[in-house]
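The residues making up each chain are set out below.
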Amino acid sequence: MKLPHLPRGVVALGFVSLFMDTSSEMVHSLLPVFLVSVLGVSAMSVGIIEGIAEATAAIVKVFSGTLSDWIGRRKPLVLLGYGLAALTKPLFPLASGLGMVLVARFVDRIGKGIRGAPRDALVADITPPESRGAAYGLRQSMDTVGAFAGPCIALLLMAASGDNFRLVFWVAVVPAVVSVLFIVWGVQEPETLAVTHRRRSPIHRDELRRLPASYWLVIGFAGALSLARFSEAFLLLRASSVGLAATWVPLVLVVMNVVYAASAWPFGHWSDRGERHRLLALGILLLIVADVVMALATSVGWVLAGTVLWGLHMGATQGLLATLVADAAPADLRGTAFGLFNLMTGLALLLASFLAGALWTAAGPAMTFAAGAGFSLLALVGLVVVSRRTRAAAA
């Protein structure tokens, strides 16, 4: 397979994501167990925290994406978002109760929200259309390298320190700072992005009408799919529920993110060859099987098998959805388009995480993952119906 040439800016943004995800996953791979076993909160509270955090990021992305379109600049917002996330990292080791953890997650996700849509729009700005699938796949792969490096480091530190959660959280501050330095010295945006006149707000009704029907179709489908994929915190709790010791819980995210990182770029390159609907269908099928395996799991081995399938699902769908948004949106509305996309998926994730926490508390982990499989099946049916109607309209 011939690999496409990608702009250096895409690679630089990949390293930014790699280091920040290393930092974030060092914290997140242990945070659910830390909350339940050290701070004594319930699984329901974990679901609420995760849902609020992700919904906050999604809502902020709308405004940051719109602002980047309005001012014609992406990098300052990317720097602000990553910088804010780095500043919040010391709050986790200092936390002595649920309140500080909630504040830390809330502010951290504000940072994610500020940077997300401008960063994704910037990738589209600097990448030719015929290479966007590979560009988003590469950035996602490098992001995910950090996402499995973080749990690996956390696992080693936990084993060496006798399960010292707070030590791991302190070490996580270092890669966050490195990520910010990469933005300062390694990321540039094209001069052609700057606006020459001040137009109306991109979220004005007349501006939003410029977004085509194909974009809104992607939005609706991504929201439905997000209902089926709740927070990965429940993967960690599932591993703990079948007997995996706290020291080894980060192994779950290591496995998932190794698979995710290894598959995202090849899947992204595949999507550039025009197989996007089939790739989406494959991704949903993988999620259905993953949920079924997780629901029926009775040992750590089965949980890890479900985790592998979950990672393949992420690799097949996440970069592809970003590519579909970038292709459908006008260039001067890409920030807004990604912001609205992330708002819809974030609100769906909020609802999904709340439902997952409620089901876990009321009926146990099996019912939680069975419900995820049911929502995934509905998303697959919707994709089949839309694909058939699209082909019929084109005939």
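The notes below deal with the structure included here. Sequence order as written defines the numbering, with residues in each chain counted from 1. The predicted origin of the model limits local features to residues at a pLDDT of at least 70 and limits the giving and counting of side-chain atom pairs to 80 or more, whereas totals for whole chains, interfaces and linings rest on all residues. Side-chain measures were taken over the full set of non-hydrogen atoms in the model, leaving aside hydrogen atoms and water.

## As for the overall build of the protein chain
Helix and strand counts for the protein chain stand at 17 helices and zero strands. Taking 2.2 N^0.38 as the reference for a compact globule, 395 residues should give roughly 21 Å; the C-alpha atoms of the protein chain span a radius of gyration of 20 Å, in line with that estimate. Note on definitions: a residue-residue contact is assigned when non-hydrogen atoms from the two residues lie within 4.5 Å. Of all intrachain contacts in the protein chain linking residues separated by at least 6 positions in sequence, the fraction that spans at least 24 positions is 86%. Looking at the protein chain as shown, the accessible area adds up to about 15500 Å², and 69% of this sits on carbon and sulfur atoms. Secondary structure elements are defined from DSSP: runs of H or I of at least 4 residues count as helices, runs of E of at least 2 residues count as strands, and each element is numbered from the N terminus. Note that the radius of gyration is over C-alpha atoms, with the globule rule given as 2.2 Å times the number of residues to the power 0.38. In this description, accessible areas are obtained by the Shrake-Rupley approach with a 1.4 Å probe, and a residue is regarded as covered only by the protein chains that are shown.

## Some details on a nonpolar patch on the surface
Without a salt bridge and with relative accessible area above 30%, a residue can belong to a patch; like charges are then joined within 9 Å and nonpolar side chains (Val, Leu, Ile, Met, Phe, Trp, Tyr) within 5 Å. Each reported salt bridge corresponds to a side-chain nitrogen of Lys or Arg within 4 Å of a carboxyl oxygen of Asp or Glu. Taken together, Ile 48, Ile 52, Leu 102, Phe 106, Leu 351, Phe 354, Leu 355, Phe 375 and Leu 378 make up a surface patch of nonpolar side chains, about 730 Å² in accessible area. Of all the elements in the fold, those that place two or more residues in the nonpolar patch are helix H3 (43-71), helix H6 (98-126), helix H16 (334-363) and helix H17 (365-394). Here the nonpolar patch gets three residues from one element, more than from any other, and that element is H16. Mapped onto the secondary structure, Phe 354 falls in helix H16.

## A few points about the packing of aromatic side chains
Only rings of Phe, Tyr and Trp enter the pairing, Trp through its six-membered ring, and a pair is recorded when the two centres are within 6.5 Å. The plane angle decides the type: under 30 degrees is stacked, over 60 is edge-to-face, the rest tilted. The final tally for this structure, using the stated rule, is seven aromatic pairs. Ring plane angle 25 degrees and centroid distance 5.5 Å describe the contact between Phe 19 and Phe 182, whose orientation is recorded as stacked. Taken together, the residues span a long stretch of sequence, with Phe 19 in helix H1 (residues 8-28) and Phe 182 in helix H9 (residues 173-186) at a distance of 163 residues. Centre to centre, the rings of Phe 34 and Phe 169 are 5.4 Å apart; their planes meet at 85 degrees, and the pair counts as edge-to-face. Remark: Phe 169 occurs in helix H8 (residues 165-171) and Phe 34 occurs in helix H2 (residues 31-38); sequence separation between them is 135 residues. The two residues Phe 34 and Phe 169 agree in class, both being buried. Put simply, the rings of Phe 15, Phe 19 and Phe 182 touch in pairs and so form one group of aromatic residues. Burial classes follow relative accessibility: with a 1.4 Å probe on protein chains only, a residue under 20% of its type's maximum area counts as buried, one over 50% as exposed, and anything between as partly exposed.

## Details of the side chain of Asp 120
By the secondary structure assignment, Asp 120 is in helix H6. Of the residues examined, Asp 120 reaches a relative accessible area of 9% and is grouped as buried.

## Side note on the packing of H6 against helix H7 (residues 132-161)
Comment: axis = line fitted to C-alpha atoms, over the contacting stretch for helices; angle = value between 0 and 180 degrees taken between N-to-C directions. Put simply, H6 and H7 touch, their axes get as near as 10 Å, and they point 140 degrees apart. Relative to H7, the element H6 is oriented oblique. In terms of crossing hand, the pair formed by H6 and H7 is right-handed. Mapping the contact onto sequence places Arg 119, Asp 120, Val 123 and Ala 124 in H6 and Arg 132, Ala 135, Tyr 136 and Arg 139 in H7. Three residue categories are used. Nonpolar comprises Ala, Val, Leu, Ile, Met, Phe, Trp, Tyr, Cys and Pro, charged comprises Asp, Glu, Lys and Arg, and polar comprises the others, including Gly. Across the contact of H6 with H7, the residue classes break down as four nonpolar, no polar and four charged. In what follows, roughly perpendicular refers to angles from 65 to 115 degrees, roughly parallel to angles under 35, roughly antiparallel to angles over 145, and oblique to any angle outside these ranges. In this scheme, a crossing is called left-handed if the near helix is turned counterclockwise away from the far one by less than a right angle; it is called right-handed if the turn is clockwise.

## Focus: the side chain of Arg 238
For Arg 238, the location among the structural elements is in helix H12 (residues 233-241). Of the side chains with opposite charge, Asp 291 comes closest to the buried, unpaired Arg 238, at an N-O distance of 9.4 Å. In this structure the side chain of Arg 238 is engaged in a polar contact, spanning 2.9 Å, whose partner is the backbone oxygen of Ala 297. Contacts of Arg 238, omitting those with residues within four sequence positions, involve Met 294, Ala 295, Leu 296, Ala 297, Val 303, Trp 360, Pro 365 and Phe 369. We treat Lys and Arg as the positive residues and Asp and Glu as the negative residues; His and chain ends play no part in the count. Pairs of N or O atoms are called polar contacts if they sit within 3.5 Å, as long as, within protein, a hydrogen donor faces a hydrogen acceptor (for residues adjacent in sequence, only side-chain-to-side-chain pairs).

## Some remarks on the nonpolar core
Nonpolar side chains tend to gather and get buried jointly when the protein is soluble and globular. By convention a nonpolar core is built from buried Ala, Val, Leu, Ile, Met, Phe, Trp, Tyr and Cys residues, the set being connected through side-chain atoms within 4.5 Å. Tyr 215, Ile 284, Trp 310, Leu 321, Phe 338 and Phe 369 are the most contacted members of the largest nonpolar core, which totals 105 residues. Apart from the residues lying within four places of it in its own chain, the contact partners of Phe 338 are Ala 117, Asp 120, Ala 121, Tyr 136, Ala 322, Val 325 and Ala 326.

## Some words on H16
To estimate how far a helix should extend, the number of its residues minus one is multiplied by 1.5 Å. When the terminal C-alpha atoms of H16 are compared, their 42 Å separation across 30 residues agrees well with the 44 Å that a helix rising 1.5 Å per residue should span. At the C-terminal side of H16, Gly 364 shows a positive phi close to 95 degrees.

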